[in-house]
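Secondary and tertiary structure notes
Letter by letter, the chains look like this.
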Amino acid sequence: MIDKAILELVDIKKRFGDNEVLKGINLKVKQGEVVSIIGGSGSGKSTMLRCMNFLEEYDEGEVCVQGRMIGYGADAKGNYIKAPYKCIQNDLKDVCMVFQQFNLWPHMTVLENVTTPLKLVKKTSKIEAEKKALEVLKKVGMEHKADSFPSQLSGGQQQRVAIARGLATDPKIMLFDEPTSALDPELVGEVLRVMQSLASEGMTMVIVTHEMNFAAQVSDNIVFLASGLIEEQGHPDLLFKNPKSEKLKTFLASWH
Amino acid sequence: MELSIFIEYWPLLLSGLIFTLKVCSSSLIMGLLLGIFLYLFSTIKNRLTFMIYRAYLTIFRGTPLLVQVYLIFYGGPLLGITLSAAEVGILGMGLYVAAYFSEIYRSGFNSLPKGQIEAAQNLGFSKRQILTHIQLPQILGLIVPSLTNQSIILIKESAILSIISVPEITYAAVKMASETYSVVEPYIFLAGAYWVINFVVSRFGNWVELKSTHYLATN
């Protein structure tokens, strides 16, 4: 059971018009595992991550979360039929995403940003939702800003609130799409520290990142993507110290 | 200045003013609602419905309100639709302004970052919850200035309804001018009346805008 993948991609292909962005991705993520996806811009990292929670509709292959295929059903002939919106959301209720641009709702306070999904989706009572919200905000060190609006916070603070908003829904898998790329350099650390504590608590995480040192520290598996294919993957100790593929060597050289 | 003529004519002017308020508010409500319907219609991903939408826009934005009102008033009976002048006025202005309102709604919806919707989607919101909790509360503040603007334009354009003998305020003022041979007094009154209506409308717009964007002004 331990070895069973909680999240699995099988031969995922994705095209934007004539441009094939993902050319057959296979990946298994086990419960409690931290996987970082690295690669140059345009290599398909973000698209791959977005396919995992169906923000991007893949064209071929299968994304499975906890054994259920996401986004499609099949008809009698085996053709894909897009699943209804509600069905997709239900299959993805344990997956939450943290975005590069935070995507907090600016018309709500920090507290409301966290409580609204609980109240609307999980039908939690107001009191329970606020209790839960303050708990997760405390965890990311933002409970003192509960009554502020997102526009009053720094980027790093906004991203920590966004992580809290996701955490409040008790996800089993968290996806991070370049969570520190939009931040000023001095604000990167506070977000990485929150992510690191999540990793140490055993959260299953998939992270698209340019923070190589961070990836090396927290990841169980590093996936190097190049032009729509997984070029190389492995434990950070092996992959960073002893890269095999030429593309990865070139990529890593550009970071030193 | 012959102000004494107002003693005789104030009931006519007052009923004209009330009529203008009725016609304008009815057609604005119609336009706001029909505009939402038109906007939603335009978002259907279908070539035919989109062409129908474009046709509606180009016809109602591309021809003068006066011509539209004339065509409904005189053309309606030919098609077996007989409406009172006031009904033609409300219908004509409502259809006309809905085309503008629909585009204003569209600009509002398009201006929200897509990521906010994706975040809501990702956290399990239904499409209706996204609309009512994420999109509408923010869009209101963004589009109120444009809606106010367009409403003020419509209120001023409502003067042309006097031509099809809708007994609104311009009709009353013209009648007064032609019966008393005093032109300046009724028209000064008329200008003042429109100014007051539009002043109230623009203040109301400001108030709604302020209320719905308070979260932006807290820096």
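Before reading further, recall that the structure is shown in the block above.
Residue and element names in this part refer to chain A. With mixed pairing, 6 strands are arranged side by side in an open sheet as β8-β9-β10-β3-β11-β12. Only two strands of the sheet have a single neighbouring strand rather than two, namely β8 (95–98) and β12 (229–234). Direction aside, neighbouring strands of the sheet carry axes that sit 20 degrees apart on average. Two strands pair when backbone bridges link them, and strand β3 (residues 34–38) and strand β10 (residues 204–208) are joined in this way by 4 bridges, in the parallel orientation. Within β10, the residue paired with serine 36 across the bridge is isoleucine 207.

Looking now at the interface of chain A and chain B. Across the contact, 26 residues belong to chain A and 22 residues belong to chain B. Counting the surface lost from both chain A and chain B, the interface buries some 2200 Å², and carbon and sulfur atoms represent 60% of this. The largest per-residue losses of area from chain A upon contact with chain B belong to A:Tyr85, A:Trp105 and A:His107, which jointly make up 28% of the total buried on that side. If you look at where chain A meets chain B, you find 1 salt bridge. One salt bridge in this structure joins A:Arg50 and B:Glu118, with 2.6 Å as the shortest N-O distance. At the surface where chain A touches chain B, the tally comes to 10 residue pairs in polar contact (both at pLDDT 80 or more). If you list the elements that add at least two residues to the side of chain A that touches chain B, you get α2 (85–91), β8, α3 (110–121) and α5 (155–167) of chain A. A total of 4 residues in the side of chain A that touches chain B trace back to one element, the largest contributor, which is α3(A). Looking at the side of chain A that touches chain B, its residues break down into 14 nonpolar, 9 polar and 3 charged.

Before going further, it helps to spend a moment on the side chain of A:Asn113. Residues and elements named next belong to chain A. Locating asparagine 113 in the fold gives a position in helix α3. From its side chain, asparagine 113 meets the backbone nitrogen of tryptophan 105 in a polar contact 2.9 Å long. Beyond its immediate chain neighbours, meaning those up to four positions away, asparagine 113 contacts Leu104, Trp105, Met108, Pro150 and Arg165.

On inspection of all chains with the given rule, the structure shows 16 aromatic pairs over all chains. Ring centres of A:Phe54 and A:Tyr58 lie 5.8 Å apart, and the angle between their planes is 90 degrees; on these two criteria the pair is classed as edge-to-face. The exposure classification of A:Phe54 matches that of A:Tyr58, with both residues buried. With a centroid separation of 5.2 Å and an interplanar angle of 55 degrees, the aromatic rings of A:Trp105 and B:Phe125 are classed as tilted. Separated into two different chains, A:Trp105 in the loop between β8 and α3 and B:Phe125 in the loop between α5 (114–122) and α6 (127–157) make up a pair that spans both.

Reading the values: rules and limits
- Residues numbered from 1 in each chain as written.
- Chains lettered and ligands numbered in written order.
- Predicted model: local features only at pLDDT ≥ 70, side-chain atom pairs only at ≥ 80, totals over all residues.
- Heavy atoms only, no water.
- Pairing = 2+ DSSP bridges.
- Helix = DSSP H or I, 4+ residues; strand = E, 2+ residues; numbered from the N terminus.
- Axes fitted to C-alpha atoms, helices over the stretch in contact; angles between N-to-C directions.
- Contact = heavy atoms within 4.5 Å.
- Buried area = accessible area lost by both parts, 1.4 Å probe.
- Salt bridge = Lys/Arg side-chain N within 4 Å of Asp/Glu carboxyl O.
- Polar contact = N/O pair within 3.5 Å; in protein donor to acceptor, adjacent residues only side chain to side chain.
- Nonpolar A, V, L, I, M, F, W, Y, C, P; charged D, E, K, R; others polar.
- Phe/Tyr/Trp six-rings, centres within 6.5 Å; stacked < 30°, edge-to-face > 60°.
- Buried < 20%, exposed > 50% of the residue type's maximum accessible area, 1.4 Å probe, protein only.

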